Each structure stands twice: as structure tokens, then as C-alpha cells.
Amino acid sequence: MTDTENSKGQPDVFPAALFGLCPHCGQKTLFRSVTAFADKCRACGLDYDKYNVGDGPAAFLTLIVGGVVLALALIVELNYYPPMWLHVLLWVPLTIAAVVGALRISKGVLLILEHRNQAREGSIDDGVEK
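In this report, we go over the structure that sits alongside the text. Just so we're clear, the structure is a prediction, and the values are computed from it rather than from any experiment. (Residues numbered from 1 in each chain as written. Predicted model: local features only at pLDDT ≥ 70, side-chain atom pairs only at ≥ 80, totals over all residues. Heavy atoms only, no water.)

### Quick look at the packing of aromatic side chains
Right, so step 1: Counted according to the given criterion, the structure contains one aromatic pair.
Right, so step 2: Where Phe31 meets Phe37, the ring centres are 5.2 Å apart and the plane angle is 15 degrees; that geometry is what we call stacked. (Phe/Tyr/Trp six-rings, centres within 6.5 Å; stacked < 30°, edge-to-face > 60°.)

In C-alpha cells form, the structure reads like this:
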């Protein structure tokens, strides 16, 4: 068992999300592009389309990363007074990279946790035992 596997042979949540590992077999097949999931695992055939991660992480990450970048930009401005073009050169690429990187990891974490917890669409309990 490697450092990134749990007792069931599945990769741990954060390393799996960071490296795009399948939550079932641990192969690097989770993403087909930077933030888009593959349709299914090419190694074990796990269908990623049945998991509903949605776009929830995008709004929160944009706000969080925006706040952090704004704080850093203000610190740099108040301490060094760089020209505006340098602010644009520094903060625009940093913001894009941080949002995309954090989005990839958070979407991966949500899909992996959904798989591990066997989460399904909610239903109303009608009180009848089955």
C-alpha cells in the first residue's frame, strides 16, 4: 500500500483530487481537460457522469481567491507603489491560475467524496418501511 492509498486500495481524497486519480481504481483518468471530468475511467470503467458535482465550488472559489488576491494587491500597493501595468501583469495571471487550480481540486474532492459515500439524489421519506 502506498502513501496515497487507504485500507481499501482507493487513493486518499486530496492526493486523488490533486492528481486526477479515479476514486475507484486510482488511475490518472478523472479529468479529460483542466477542469472537465472524463465520461468514464479508461482503466476500470467507472462512470463519472452519474456524479453531480455541479458548479457550486466555482462561485465560492472565485470569491475566496478574489479576496486573497485583493489583499495581496493592496499590500503590494501600499508597500511598494508599483505602476498599474505591473499590477495587471502580476494579479490577472495569478487570479486565473488560482481559480482554475482550486476549481480542479475542489471538483475532484466533491466527486471522490460522492463516490466514497455512495451519495445519490435525495428523496422524500414517506414513512413506509421497506
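And the narrative resumes.
### Quick notes on the side chain of His87
Right, so step 1: Along the chain, His87 falls in helix 3 (residues 84-116).
Right, so step 2: Note on His87: relative accessible area 10%, which makes it buried.
Right, so step 3: Among all residues touching His87, those that are not within four sequence positions of it are Ala73, Val76, Glu77, Pro82 and Val92. (Helix = DSSP H or I, 4+ residues; strand = E, 2+ residues; numbered from the N terminus. Buried < 20%, exposed > 50% of the residue type's maximum accessible area, 1.4 Å probe, protein only. Contact = heavy atoms within 4.5 Å.)

### Some thoughts on the nonpolar core
Right, so step 1: One finds Leu30, Phe37, Leu46, Tyr48, Leu111 and Ile112 to be the most contacted residues of the largest nonpolar core, which totals 17 residues.
Right, so step 2: For this core, the secondary-structure elements that each account for two or more residues are helix 1 (13-19) and helix 3.
Right, so step 3: When residues no more than four places from it in sequence are discounted, the contact partners of Ile112 are Val13, Ala16, Ala17, Leu21, Pro23 and Leu30.
Right, so step 4: Among the nonpolar cores identified, the runner-up in size contains six residues, and Val65, Val69, Ala73 and Val76 belong to it. (Core = buried A, V, L, I, M, F, W, Y, C linked by side-chain atoms within 4.5 Å.)

### Considerations on helix 3
Right, so step 1: Relative to the 48 Å expected for 33 residues at 1.5 Å per residue, helix 3 spans 47 Å between its end C-alpha atoms, a close match to the ideal helical length.
Right, so step 2: All of the buried residues along helix 3 are His87, Trp91, Val99, Leu103, Ser106, Lys107, Gly108, Val109, Leu111, Ile112, Glu114 and His115.
Right, so step 3: Along its buried surface, helix 3 packs onto helix 1 and helix 2 (56-80).
Right, so step 4: Among the residues trailing helix 3, Gln118 stands out with phi positive, at a value near 50 degrees. (Expected span 1.5 Å × (residues − 1).)

### Regarding the side chain of Glu114
Right, so step 1: By the element assignment, Glu114 lies in helix 3.
Right, so step 2: Among all residues touching Glu114, those that are not within four sequence positions of it are Lys50, Tyr51, Asn52, Val53 and Ala119.

### A closer look at helix 2
Because each turn of an α-helix spans 3.6 residues, side chains separated by three or four positions end up pointing in the same direction.
Right, so step 1: With 25 residues, helix 2 should reach 36 Å at 1.5 Å per residue; the first-to-last C-alpha distance of 36 Å fits that figure.
Right, so step 2: For helix 2, every residue scored as buried is listed here: Pro57, Leu61, Val65, Val69, Ala73 and Val76.
Right, so step 3: Buried positions along helix 2 lie against helix 3.
Right, so step 4: Following helix 2 by one or two positions, Tyr81 has its phi on the positive side, about 50 degrees.

### What to know about the pattern of salt bridges
Right, so step 1: In the structure shown here, the tally under the stated rule is one salt bridge.
Right, so step 2: Among the ionic pairs, Asp39 bridges to Arg32, the shortest N-O distance being 3.8 Å. (Salt bridge = Lys/Arg side-chain N within 4 Å of Asp/Glu carboxyl O.)

### Quick notes on a nonpolar patch on the surface
Right, so step 1: A contiguous nonpolar patch, built from Val34, Met84, Val88, Val92, Ile96 and Val100 and spanning about 540 Å² of accessible area, is present on the exposed surface.
Right, so step 2: One can find Val88 in helix 3.
Right, so step 3: For Val88, a relative accessible area of 46% gives the class partly exposed. (Patch = residues over 30% accessible without salt bridge, like charges linked within 9 Å, V, L, I, M, F, W, Y side chains within 5 Å. Areas by Shrake-Rupley, 256 points an atom, 1.4 Å probe, with all protein chains shown as cover.)

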